[in-house]
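Structure assessment
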Amino acid sequence: METGEPGRGYAPVESSDEAALGPAPEHPVAESSEAAPAMDVPAGPAKAFRHPPARPVSLATSRAATGLPLLAVRRGSGRIVFHEIERAEGAGLEGEWAVAGRCGERLRLDLAQPARGRGAARGVGADLSSAGGWQTAVAVPVQGCAAGRILLPRGPSSADRERFAAFSTDELRQVAAAADAAWLVFAGSGRSRAMVVLRRDGAWHEAWSRDSDDRQEIAAVLGRGDGSYGLFLTIQGGRPDTLQRVRVTDGRAQADAPTSLRG
């Protein structure tokens, strides 16, 4: 298969068969902002049917305006598959993205495809920084990376362990805490528990939890005008398997059904 043009080595991401996709192109997708020249059209009535010149849609004008991130998953082959976190319309996804929390690390989305729903594969690309060290990361528009609207998980402090000890006898592994809500992951022997707790009347209360025999992780917590939502990942066989969003709105937690990341 020829790969002289960006994306020529790719096919739509429809299954977990990695062999269906070729290697990423070596050169980045062009991000020209110049308008394409208009075609010469004879004078007279035909001018009424003249189409305006095409203008490329850039990442800055389409994606940064919405601020909606993508979940980047590194496959065993080394390529990056971008997954939809929240439905977003518009073109211009191709180009550079930044890794949330590590704005100097850049990813390139070479070939985008229409979203089929939350968790679906949205595009294919490569890691420009070659930093490695991560299997999943939240990708955000470069222009908005430093805005700080994304809360990333951290290891628990001694105060966290004391504060949330009543919710599980297992070890607290991850915390992403806001003022009145916290997304937690506990882990024990062969099991894990993802949990959301809310603070009401000065005390913390469990609002949602999910037990699994597989490892669970927090990808990030994102704030929206109508509340916040945390993203939980399930890791099966050492590979990201599902994504689950748990929203906190008006003092309540509501979980969406887990969606597959194997596509």
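Fair warning: this is a prediction, and the values are worked out from it, not measured in the lab.

Calculation rules
Starting from 1, residues in each chain are numbered consecutively following that chain's sequence as written. Totals for whole chains, interfaces and linings use every residue, but because this is a predicted model, local features are given only for residues with pLDDT of at least 70 and side-chain atom pairs only at 80 or more, for both listing and counting. Computation of side-chain values: all heavy atoms of the structure, hydrogens and water removed. For two strands to pair, DSSP has to find at least two bridges joining them. Only DSSP runs of H or I reaching four residues or more are called helices, and only runs of E reaching two or more are called strands; each is numbered from the N terminus. Lines fitted to the C-alpha atoms define the axes, with helices restricted to the stretch that makes contact. Angles between their N-to-C directions range from 0 to 180 degrees. Salt bridges, as used here, are contacts in which a Lys or Arg side-chain nitrogen is within 4 Å of a carboxyl oxygen on Asp or Glu. Here the term buried applies to any residue with accessible area under 20% of the maximum for its type, exposed to any over 50%, and partly exposed to those in between, with areas from a 1.4 Å probe on protein chains only. A pair of cysteine sulfur atoms is labelled a disulfide when the two atoms are within 2.5 Å. Put simply, the grid is 1 Å and covers the protein atoms alone, a cavity is a trapped set of points that fit a 1.4 Å probe, a pocket is an open set with protein on both sides within 12 Å along at least five of seven lines, and lining residues have an atom within 4 Å of a point. Grid points are joined across faces, edges and corners, and a volume is the space filled by probe spheres set on the points. Amino acids are sorted into nonpolar (Ala, Val, Leu, Ile, Met, Phe, Trp, Tyr, Cys and Pro), charged (Asp, Glu, Lys and Arg) and polar (every other residue, Gly among them).

Further remarks concern the sheet that holds strand β6 (residues 136-141). Spatially, six strands are ordered β1-β2-β5-β4-β3-β6 in a closed barrel, and the strand pairing comes out antiparallel. Between one strand axis and the next, the sheet turns by 45 degrees as a mean value, whatever way the strands run. Judged from the four bridges that link them, strand β2 (residues 80-84) and strand β5 (residues 121-127) form a sheet pairing that is antiparallel. Looking at β5, one finds that Phe82 is bridged to Gly123.

What follows deals with the pattern of salt bridges. Side chains that differ in sign of charge can pair as their charged atoms come close. Throughout the structure, instances matching the rule amount to 15 salt bridges. Put simply, Asp170 and Arg191 hold a salt bridge, and the shortest N to O gap is 2.7 Å. Placement of the pair is Asp170 in the loop between α2 (158-163) and β8 (171-177) and Arg191 in strand β10 (residues 191-200), with a sequence separation of 21 residues. For Asp170, a relative accessible area of 17% corresponds to the buried category. For Arg191, a relative accessible area of 41% gives the class partly exposed. Ionic contacts of the salt-bridge type, sharing partners, join the residues Arg154, Asp160 and Arg163 into one network.

Before going further, it helps to examine the state of the cysteines. A complete count under the given rule lists one disulfide for this structure. One disulfide bridge connects Cys103 with Cys145, the sulfur atoms lying 2.1 Å from each other. Between Cys103 and Cys145, the S-S torsion sits near -95 degrees, and that sign places the bridge as left-handed. Placement of Cys103 in strand β4 (residues 102-112) and of Cys145 in the loop between β6 and β7 (150-151) is noted, with a sequence separation of 42 residues between them. On the basis of relative accessible area, Cys145 is assigned to the buried category, the value being 11%.

Now for the layout of surface pockets. Roughly 260 Å³ of internal volume is contained in the second largest pocket. In this structure, the second largest pocket is lined by 16 residues; those nearest its centre are Arg102, Thr136, Ala137, Ile218 and Ala219. Breaking the lining of the second largest pocket down by element, the ones donating at least two residues are β6 and β12 (215-224). When its residues are assigned to classes, the lining of the second largest pocket shows 11 nonpolar, three polar and two charged.

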